[in-house]
Amino acid sequence: MSARSYRFTHAITRRPAGSIVQGLRAVDTGAPSLALMSQHHADYVAVLRSTGASVVELDALEAYPDSVFVEDTALCLPEGAVVMRPGAPSRLGEAGEMAPHLRALYGEVTMVTGSGSFIEGGDILTTETEVLVGRSARTNTAGIAELRGLVTPWGHKVREVFTPPGVLHFKTDCSLLDEETILSTARLDASGCFEGYRVIHTAAGEEACANSIRFNDLVLMPAGFARTRDVLVKAGYAVREIGNSECAKLDGGMSCLSLRFTPSS
Ligand code: CIR
């Protein structure tokens, strides 16, 4: 196996904007601190770079409060990138802002364009063998069908699954750990969507750390979830914990903060 689902030469991130205080959130638990979020963001970028990857840090986009969460703007595969159509109206324009940066690094960049198609990168988990896409309040069947049409010619299999009610994105509740292993909340795993994979559950009460990422040799997880961290360390993963208190106020975690890829052209 090539491990192309978690070995990456590149990542794109975007610095948080002052407008982050207006970012979307399911429940208001107070305004995020831009200073602390920026510090956590710098730590995150440093850990990505420590694996040897080249990390592009884009400037903050004040017009889009949630633009630090770049993952939702595109799906990056080895063969090419697909620019998403975010289902959150305030985020729709973010995708177009990302397109030129992807074109600078990729030979092939396509777009989801249908006016009724909505899809956000947070709903997409790419494993070694398939692309799982969760229907959610942000991602609909039309968006998934359009994505399937774009990536099938590149040799990818798209499987439509669903995001549990009340959960923002599919990947809010899961992450890829290696070729065969998924970190998942018990509630998402109960849907049966990971049949055939080895699944490690987040510890009870630690569901908020399911949004972690495997990036080259490291697993980046939000700080503060000791029981799940210990399970991962015991299972042999090299874990790095990153402060996530401010992004968590906006329902964001480790995956949202980067696009991770190895362009093949
Ligand atoms: C939003 O609601 O769109 C942002 N506040 C959080 C986006 C998190 N993105 C992700 O999980 N991929």
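Anything mentioned here points back to the structure above.
Criteria and cut-off values
Residues numbered from 1 in each chain as written. Predicted model: local features only at pLDDT ≥ 70, side-chain atom pairs only at ≥ 80, totals over all residues. Heavy atoms only, no water. Buried < 20%, exposed > 50% of the residue type's maximum accessible area, 1.4 Å probe, protein only. Helix = DSSP H or I, 4+ residues; strand = E, 2+ residues; numbered from the N terminus. Arc of directions from axis to C-beta. Contact = heavy atoms within 4.5 Å. Lys, Arg positive; Asp, Glu negative; His and termini not counted. Salt bridge = Lys/Arg side-chain N within 4 Å of Asp/Glu carboxyl O. Polar contact = N/O pair within 3.5 Å; in protein donor to acceptor, adjacent residues only side chain to side chain. Phe/Tyr/Trp six-rings, centres within 6.5 Å; stacked < 30°, edge-to-face > 60°.

Caption draft 1: Local environment of helix α3 (residues 141-151). Among all positions of α3, only G143, I144, E146, L147 and V151 are buried. Down the axis of α3, the sector holding all buried residues measures 160°, keeping them to one side. Check the buried side of α3 and you find it contacts β3 (74-76), β4 (81-83), β5 (109-111), β6 (124-126), β7 (131-135) and β8 (158-162).

Caption draft 2: Here's a closer look at unusual backbone geometry. We note that A3 has phi near 60°; this positive angle belongs to a residue other than glycine. Topologically, A3 is positioned in the segment before β1 (10-14). Of note in this structure, D251 is not a glycine but carries a positive phi near 65°. With respect to the helices and strands, D251 occurs in the loop between α6 (245-248) and β15 (259-261).

Caption draft 3: Structural view of the side chain of D178. Tracing the sequence through the fold places D178 in the loop between β9 (174-176) and β10 (181-184). Buried D178, no salt bridge; nearest opposite-charge side chain is R198, N-O distance 4.0 Å. Within polar-contact distance, the side chain of D178 engages the backbone nitrogen of E180 at 2.9 Å.

Caption draft 4: Up close: the packing of aromatic side chains. Applying the stated rule across the entire model yields four aromatic pairs. A ring pair is formed by Y106 and F261, whose centres lie 5.2 Å apart and whose planes are at 25°; its orientation type is stacked. Pair noted here: Y106 is in the loop between α2 (92-103) and β5 and F261 is in strand β15, with a separation of 155 residues, a long-range link. Note on accessibility: Y106 and F261 belong to one class, buried. Geometrically, the ring pair formed by F194 and Y197 is edge-to-face, given 6.4 Å between the ring centres and 90° between the ring planes. Just as F194 is buried, Y197 falls in that class too.

Caption draft 5: The pattern of salt bridges, seen in detail. Taken as a whole, this structure holds 18 salt bridges when the rule is applied. Between D217 and R7 there is a salt bridge; the shortest N-O distance is 2.9 Å. Taken together, the residues span a long stretch of sequence, with D217 in the loop between β12 (213-215) and β13 (218-222) and R7 in the segment before β1 at a distance of 210 residues. Here R260 ties to E71 by a salt bridge, and the two come within 3.0 Å at their closest N and O atoms. Of this pair, R260 sits in strand β15 while E71 is found in the loop between β2 (54-58) and β3, placing the two residues 189 residues apart along the sequence. Accessibility expressed as a relative area gives 14% for R260, which makes it buried. Judged by relative accessible area, which is 4%, E71 ranks as buried.

Any link to function would need more than the numbers given here.
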